[in-house]
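Given next are the chains, with one letter for each unit.
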Protein chains: 2
Amino acid sequence: MRYSQSTELAIDSLLYMAARPEASDFSVEQVAAAQEVSASYLAKVFQQLVKAGVLRSHRGSKGGYALGRPLSLITLRDIAVVFEGSSPLYECDGYARTCSLGPKCLVKATFDEAERKMHEVLAKVSLQDVVAQAGQEAAWTAAHGCAPLPPPVAVTQADSVGQGGATS
Amino acid sequence: MRYSQSTELAIDSLLYMAARPEASDFSVEQVAAAQEVSASYLAKVFQQLVKAGVLRSHRGSKGGYALGRPLSLITLRDIAVVFEGSSPLYECDGYARTCSLGPKCLVKATFDEAERKMHEVLAKVSLQDVVAQAGQEAAWTAAHGCAPLPPPVAVTQADSVGQGGATS
DNA sequence: GACAATTTGGATAAGCAATGTCCGCATTGA
DNA sequence: TCAATGCGGACATTGCTTATCCAAATTGTC
């Protein structure tokens, strides 16, 4: 079980737009280039975000995409739901077996509760929060002079060398 | 995103065994028949549960499977982890894009926290809890002589005949 | 009105993990 | 030894995610 890559791509793309409030409309091409993804695929992702109201679209020449609401009203949960769906994570009817014990219900209730708690956490963090912390960390980085970004070398293979690096 | 059917099958099968404490060893055939699943597939599920210590296996003639520990020490989380894996739901590296904003970290931290809360809920409920509630509900049903289903509005036709079958 | 830039939606392929089956081997009690 | 059972590997099937392409619709600009 994993969050889809579409979810991650959507978050990254939205943050890209959020970090550039001076621009009003972003073309798929532009964002796709920034995220190093094909425009074809990003277009599909954006279409879903438009349907969900997270993005607005302007068609035609000079068209493009813009955020559909203020940053503070777009939570991580909003984005996740778009790509992961809203049906329960635990279905209780994967097979047509009779629920012989009857109250497997406690099982179902527990999984539902777990999912609810998860969404609760995601709903508490908006894109604005993320951008705000981004600013803070950027300031910290500048003050301490260590860059968290490796140089954009096109790593083809033999990557993920220092996998023990996450010591935090 | 969904919990796999293996997880659900595992839970149902374990509950089947838990509800029959008089029996010591269950063959795959027996449980598979009860769950209306092929023995081939259930065998694979059981093998994973053995590896995780949730089940014990006895090979050879008269062999079979038994619970690996007391019911109270088998939580829903234990079972879920077997089939869903323990790697984070949000990976942060689905694509090789540079994390241009730097602290997408807040995103990652939030998803990790959400997942942690989810596991917290699942870890609080053991198979013993489930069986216990099963007993309670069975008693309630027996006392009231009806399934806990609110009667719909003046339905006189004989629909869904055998729906009270959960009284095993 | 023509043209170019752009999103939209459908069709469809490619990839991959979950699901499901089969078979030979290993183990164990009778 | 024999039969019953679990073990492990190989493989087929299925469905969802990822990804691409193309024609159509929309809209600003000349």
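Look up: the structure comes first, before these words.
To keep things clear, this report deals only with the structure shown in the data block. The shown structure was predicted, so the numbers you read here are calculated from the model rather than taken from an experiment.

1. With respect to the overall build of chain A
Right, so step 1: Across its full length, chain A holds six helices and two strands.
Right, so step 2: For chain A, the succession of helices and strands along the chain, N to C, is α-α-α-β-β-α-α-α.
Right, so step 3: For chain A, the residues scored as buried account for 38% of the 168 residues in total.
Right, so step 4: For chain A, the share of sequence-separated contacts (at least 6 apart) that also reach a separation of at least 24 residues comes to 59%.

2. Considerations on the packing of helix α2 (residues 28–35) of chain A against helix α3 (residues 39–51) of chain A
Residue and element names in this part refer to chain A.
Right, so step 1: The N-to-C vectors of α2 and α3 enclose an angle of 115 degrees; their axes lie 9 Å apart at closest approach. By the criterion of interaxial angle, the relationship of α2 to α3 is roughly perpendicular. Of the two possible hands of crossing, α2 and α3 adopt the one that is right-handed. Contact residues: α2 offers V28, E29, V31 and A32, while α3 offers A39, L42, A43 and F46.
Right, so step 2: Class assignment for the residues of the contact of α2 with α3 results in seven nonpolar, no polar and one charged.

3. A closer look at helix α4 (residues 76–84) of chain B
Right, so step 1: For α4 of chain B, the set of buried residues is L76, I79, A80, V82, F83 and E84 of chain B.
Right, so step 2: Just past α4 of chain B, the residue G85 of chain B takes up positive phi, approximately 80 degrees.

4. Remarks on the protein's contact with DNA strand C
Right, so step 1: DNA strand C sits among 24 residues. The nearest are K44, S57 and Y65 of chain A together with Q5 and S38 of chain B.
Right, so step 2: Here, DNA strand C places atoms within 4 Å of the protein, and 61% of those atoms are sugar or phosphate.
Right, so step 3: Measuring from a base oxygen of DNA strand C, one finds a side-chain N or O atom of K44 of chain A at 2.5 Å.
Right, so step 4: At a separation of 2.6 Å, a phosphate oxygen of DNA strand C approaches a polar side-chain atom of S57 of chain A.
Right, so step 5: Among the elements of the structure, α3, β1 (55–58) and β2 (64–67) of chain A together with α1 (5–18) and α3 (39–51) of chain B are those that each provide at least two residues to the surface near DNA strand C.
Right, so step 6: Residue contributions to the surface near DNA strand C peak at three residues, all from α3 of chain B.
Right, so step 7: Its residues assigned to classes, the surface near DNA strand C comprises five nonpolar, 15 polar and four charged.

5. Here we look at unusual backbone geometry
Trans is the prevailing form of peptide bonds, just as negative phi is the prevailing case for residues other than glycine.
All names here are of chain B.
Right, so step 1: We note that E36 has phi near 55 degrees; this positive angle belongs to a residue other than glycine.
Right, so step 2: If you trace the backbone, E36 turns up in the loop between α2 (28–35) and α3.
Right, so step 3: Positive phi values are uncommon outside glycine, yet K62 reaches one of about 65 degrees.
Right, so step 4: You can see K62 is positioned in the loop between β1 (55–58) and β2 (64–67).

6. Comments concerning the pattern of salt bridges
All names here are of chain A.
Right, so step 1: Counting across every chain of the model gives eight salt bridges over all chains.
Right, so step 2: Of the charged contacts, one joins R116 and E113 as a salt bridge, the two residues approaching to 3.3 Å between their closest N and O atoms. One end of the pair is R116 and the other is E113, both in helix α5 (residues 105–123) and three residues apart, which spans about a single turn.
Right, so step 3: Overall, the relative accessible area of 44% leaves R116 in the partly exposed class.

7. Describing the environment of F46 of chain B
Right, so step 1: Relative to the helices and strands, F46 of chain B resides in helix α3.
Right, so step 2: Apart from the residues within four sequence positions on either side, F46 of chain B is in contact with S13, M17, V28, V31, L55 and Y65 of chain B.

8. Remarks on the pairing of β1 of chain A
Right, so step 1: Where β1 of chain A lies against β2 of chain A, four bridges are found, and the strand directions are antiparallel. Note on β2 of chain A: the bridge partner recorded for S57 of chain A is Y65 of chain A.

9. Looking at the environment of L76 of chain A
Right, so step 1: Tracing the backbone shows L76 of chain A in helix α4 (residues 76–84).
Right, so step 2: When the C-alpha atoms of L76 of chain A and S126 of chain A are compared, they prove to be 6.1 Å apart, with 50 residues separating the residues in sequence.
Right, so step 3: Those residues within four positions of L76 of chain A in sequence are excluded, and the remaining contacts are I11, L122, V125 and L127 of chain A together with V107, T110 and F111 of chain B.

Procedures and definitions
Residues numbered from 1 in each chain as written. Chains lettered and ligands numbered in written order. Predicted model: local features only at pLDDT ≥ 70, side-chain atom pairs only at ≥ 80, totals over all residues. Heavy atoms only, no water. Helix = DSSP H or I, 4+ residues; strand = E, 2+ residues; numbered from the N terminus. Buried < 20%, exposed > 50% of the residue type's maximum accessible area, 1.4 Å probe, protein only. Contact = heavy atoms within 4.5 Å. Axes fitted to C-alpha atoms, helices over the stretch in contact; angles between N-to-C directions. Parallel < 35°, antiparallel > 145°, perpendicular 65-115°, else oblique. Left-handed = near helix turned anticlockwise from the far one by under 90°. Nonpolar A, V, L, I, M, F, W, Y, C, P; charged D, E, K, R; others polar. Near = heavy atom within 4 Å. Polar contact = N/O pair within 3.5 Å; in protein donor to acceptor, adjacent residues only side chain to side chain. Salt bridge = Lys/Arg side-chain N within 4 Å of Asp/Glu carboxyl O. Pairing = 2+ DSSP bridges.

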